[in-house]
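# Commentary on secondary and tertiary structure
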Amino acid sequence: MSEKKYIIAMDQGTTSSRAILFNKQGEIKSVVQREFRQIFPQPGWVEHDPMEIWSTQMGVTMEAMQRLDAKPEEIAAIGITNQRETTILWETATGRPIYNAIVWQCRRTSDMIEEMKNAGWTERIRDKTGLVPDAYFSASKIAWIFDHVPGSRERARRGEIKFGTVDSWLIWNLTNGAVHATDYTNASRTMLFDIKNLCWDDEILEYFDIPREILPEVHPSSYVYGTTEKFGGNIPVAGVAGDQQAALFGQCGFEPGGVKSTYGTGGFMLMNTGDNKIVSKKGLLTTLAASGGERPQYALEGSVFIAGAAIQWLRDEMRMIRSSPQSETYCNAVEDSNGMYIVPAFSGMGAPYWQQYARGTIVGLTRGVSKDHFVRATVESLAYQTNDLLAAMKDESGLSLSVLKVDGGASANNFLMQFQSDISDVRIERPSCIETTALGAAYLAGLAIGYWRDTDEVRQNWLCGKVFEPVIEPEKRKKLLKGWEKAVKCAIYFALEEEDEGE
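Quick summary incoming for the structure in this document. (Residues numbered from 1 in each chain as written. Predicted model: local features only at pLDDT ≥ 70, side-chain atom pairs only at ≥ 80, totals over all residues. Heavy atoms only, no water.)

### Observations concerning the overall build of the chain
Helix and strand content of the chain: 16 helices and 23 strands. The C-alpha radius of gyration computed for the chain amounts to 23 Å, which stays within 12% of the reference 23 Å derived for 503 residues, consistent with globular compactness. Counting only C-alpha atoms, the chain reaches 70 × 55 × 40 Å along its principal axes. Taking all 503 residues of the chain together, 61% fall into the buried category. For the chain, restricting intrachain contacts to residue pairs at least 6 apart in sequence, the fraction spanning at least 24 positions comes to 72%. Accessible surface, the chain as shown: approximately 20,500 Å² in total, 48% of it carbon and sulfur. On the chain, the mean spot of the 53 positive side-chain charges and the mean spot of the 66 negative ones are 3 Å from each other. (Helix = DSSP H or I, 4+ residues; strand = E, 2+ residues; numbered from the N terminus. Rg over C-alpha atoms; globule rule 2.2 N^0.38 Å. Buried < 20%, exposed > 50% of the residue type's maximum accessible area, 1.4 Å probe, protein only. Contact = heavy atoms within 4.5 Å. Areas by Shrake-Rupley, 256 points an atom, 1.4 Å probe, with all protein chains shown as cover. Lys, Arg positive; Asp, Glu negative; His and termini not counted. Charge placed at Lys NZ, Arg CZ, Asp CG, Glu CD.)

Spelled out as structure tokens, the structure:
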């Protein structure tokens, strides 16, 4: 009998499908990635073809196995991590989608959400689901499809239609329709799931007129969902988590106070709060964290709308740099930003401000400001925004924070990581493997079937690539943060209506 050498992580993202084969040491042995179409039927609308999601995910998984000549009997399990909130409805009998997948970024249901807010549902949604009413989540997307595909609601009541986020869609297809399930982390992003009682909420379902019959069963993230024969043998599908929660698990954020910050196009920060379901007063979301137990842990989540996208802006629109990594050279060419701040509120500001009408602002310009200063101020803005989230999380959780673990593309910028450490007065640890999302899915799957014994064994795999410790003087930190606060006020003030300005 062949040795179980690998765990496959299916990493189904917003723009591409990837498959990574990890070994017991958590090392990447094979990786294949394929992009798929982004469909924009109208401004603000975003769709995917669910069949394309499935075919690309199958294709990259087969190719990743072939590159290693890995046989099905050498695969211990499959773990799935996915773009969250994206919504798919399909026929039970045929497995064919009844409409394209409506992607998390899609804003077509904004009016539906405004109606909900005006009807006084904001606090109820926050209390039950940990979320704020928004078109971002799955609930209003499901209702929209039912409203626009004739007869679909009636068919759903007869059990002829199924709903799933992308993980459920993959599980359904991998098991030939035998398993219709999701995990706690993905369920908690639908705006239909009661995160306290761990069940689908009848009151919210009734509000959106969503039949209960379409909903998947909900299980822990580390759990044997079923087996697949798609790759030539019986392989258990044993781990599922939404991308941000998978990254927290991949960073070994198993205990309360564990925090990770992902620096991608936007920025996402998650803090494990254990059994404590903290309802934020500062615009953070309460969500479920990935865990192996029957009873999941909670997490606080905050997002920065513009992180790495600000560096892309320097490259593509401002033409100040030729490549994103080049920004680090400019940052190190000067001692500071010469008193200048850039607030990259290109599409409003997220937590803890939640000012959707705020706009990008540059303050503190003097004759001495050079291109180097401009680039440095832009990169520094990523650290300031992340620090705002961190401060809100520390304040609301009451948990002390000694280490911030980082991942994502922009975390490769050593200047940014050092500045983050200085401004947040925290030790930063960057792992040698920054593919923490896929790694989290692999760990969840491996733990469910005993490939790894426990989280202590997993923790031994975590290798630190680089550490950043604060070196700045406290007075200087205070002064820099005060300047940032003033800059943010300018960005918000600019967006105010004239009649508000006198207040």
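### Description of the pairing of strand E21 (residues 403–407)
E21 sits mainly inside the fold: four of its five residues count as buried. In terms of strand pairing, strand E15 (residues 259–263) meets E21 through three bridges, oriented parallel. When the sheet's bridge partners are listed, Ser261 is paired in E21 with Val406. The pairing of E21 with strand E22 (residues 427–431) spans three bridges and is parallel. Each bridged residue has a counterpart across the sheet, and for Lys405 the counterpart in E22 is Glu429. Tracing the backbone out of E21, into helix H13 (residues 414–424) and back to the parallel element E22 gives a crossover that is right-handed. (Pairing = 2+ DSSP bridges. Right-handed = clockwise from strand over helix to strand, strands pointing away.)

### Some remarks on unusual backbone geometry
Positive phi, close to 55°, is recorded for Asn176, a residue that is not glycine. Residue Asn176 is classed as exposed on the basis of its relative accessible area of 60%. Unlike most non-glycine residues, Asn338 shows phi in positive territory, near 60°. Locating Asn338 in the fold gives a position in the loop between helix H11 (326–332) and strand E19 (341–343).

### A closer look at the environment of Thr262
Within the secondary structure, Thr262 sits in strand E15. Judged by relative accessible area, which is 13%, Thr262 ranks as buried. Between the C-alpha atom of Thr262 and that of Asp49, which follows or precedes it by 213 residues, the distance is 27 Å. Setting aside its immediate chain neighbours within four residues, Thr262 contacts Gln244, Ala247, Gly267, Phe268, Asp407 and Gly408. Within polar-contact distance, the side chain of Thr262 engages the side chain of Asp407 at 2.5 Å. (Polar contact = N/O pair within 3.5 Å; in protein donor to acceptor, adjacent residues only side chain to side chain.)

### Overview of the sheet that holds strand E16 (residues 267–274)
Reading across from one edge, E17-E18-E16-E15-E21-E22-E23 is the order of the seven strands in this open sheet, with mixed pairing throughout. Bordering the open sheet on either side are strand E17 (285–289) and strand E23 (464–468), each of which pairs with just one other strand. Each strand of the sheet is rotated relative to its neighbour by a mean of 30°, with strand direction disregarded. Contacts from helix H9 (residues 243–250) reach E15, E16, E17 and E21 within the one sheet, and its direction differs from that of E15 by about 125°. (Axes fitted to C-alpha atoms, helices over the stretch in contact; angles between N-to-C directions.)

### Considering the pairing of strand E1 (residues 6–12)
On a regular strand, each side chain points to the face opposite its neighbour's, so the side chains alternate between the two faces of the sheet. For E1, the buried fraction is high: seven of the seven residues fall into the buried class. Here E1 shows two buried faces, one formed by Tyr6, Ile8, Met10 and Gln12 and the other by Ile7, Ala9 and Asp11. Across six bridges, E1 lies against strand E2 (residues 16–22) in antiparallel orientation. Residue Gln12 lies in a different strand from E2, and its bridge partner there is Ser17.

### Some points on the side chain of Lys277
Looking at the secondary structure, you find Lys277 in the loop between E16 and E17. Buried Lys277, no salt bridge; nearest opposite-charge side chain is Asp127, N-O distance 4.3 Å. A polar contact of 3.0 Å, which involves the side chain of Lys277, links it to the backbone oxygen of Asp127. Ignoring sequence-local partners within four residues, the contact set of Lys277 consists of Asp127, Ile195, Lys196, Thr286 and Tyr298. (Salt bridge = Lys/Arg side-chain N within 4 Å of Asp/Glu carboxyl O.)

### Structural notes on helix H12 (residues 371–397)
Here H12 spans 40 Å end to end across 27 residues, near enough to the 39 Å set by a 1.5 Å rise per residue. With respect to burial, H12 is a largely interior element, 22 of its 27 residues being buried. With its phi angle positive at about 70°, Gly398 sits one or two positions after the end of H12. (Expected span 1.5 Å × (residues − 1).)

### Points about the packing of aromatic side chains
Summed over all chains, the structure comprises 19 aromatic pairs. Where Phe193 meets Trp200, the ring centres are 5.2 Å apart and the plane angle is 75°; that geometry is what we call edge-to-face. Each member of the pair Phe193 and Trp200 is classed as buried. On the numbers, 5.3 Å between centres and 80° between planes, the contact of Tyr223 with Tyr225 is edge-to-face. Among the aromatic residues, ring-to-ring pairing joins Tyr341, Tyr384, Phe415, Phe419 and Trp484 into one connected group. Above the face of the Trp144 ring, Arg108 is positioned so that its terminal group lies 4.5 Å from the ring centre. One residue, Arg124, lies across the ring of Trp121, its end atom 3.9 Å from the ring centre. (Phe/Tyr/Trp six-rings, centres within 6.5 Å; stacked < 30°, edge-to-face > 60°. Lys NZ or Arg CZ within 6 Å of the ring centre and 35° of its normal.)

### Let's talk about empty space enclosed by the protein
Enumeration according to the criterion identifies one cavity of 30 Å³ or more in this entry. When its volume is computed, the largest cavity comes out at roughly 90 Å³. Considering the residues around the largest cavity, the lining is formed by 13 residues, among which Val304, Met349, Gly350, Ala351 and Gln385 are closest to the centre. Considering only residue class, the lining of the largest cavity consists of eight nonpolar, four polar and one charged. (1 Å grid on protein atoms, 1.4 Å probe; cavity = no way out; pocket = protein on both sides within 12 Å on 5 of 7 lines; lining within 4 Å. Points joined across faces, edges and corners; volume = space filled by probe spheres on them. Nonpolar A, V, L, I, M, F, W, Y, C, P; charged D, E, K, R; others polar.)

So, to be careful, I would describe these as geometric facts and stop short of saying anything about function.
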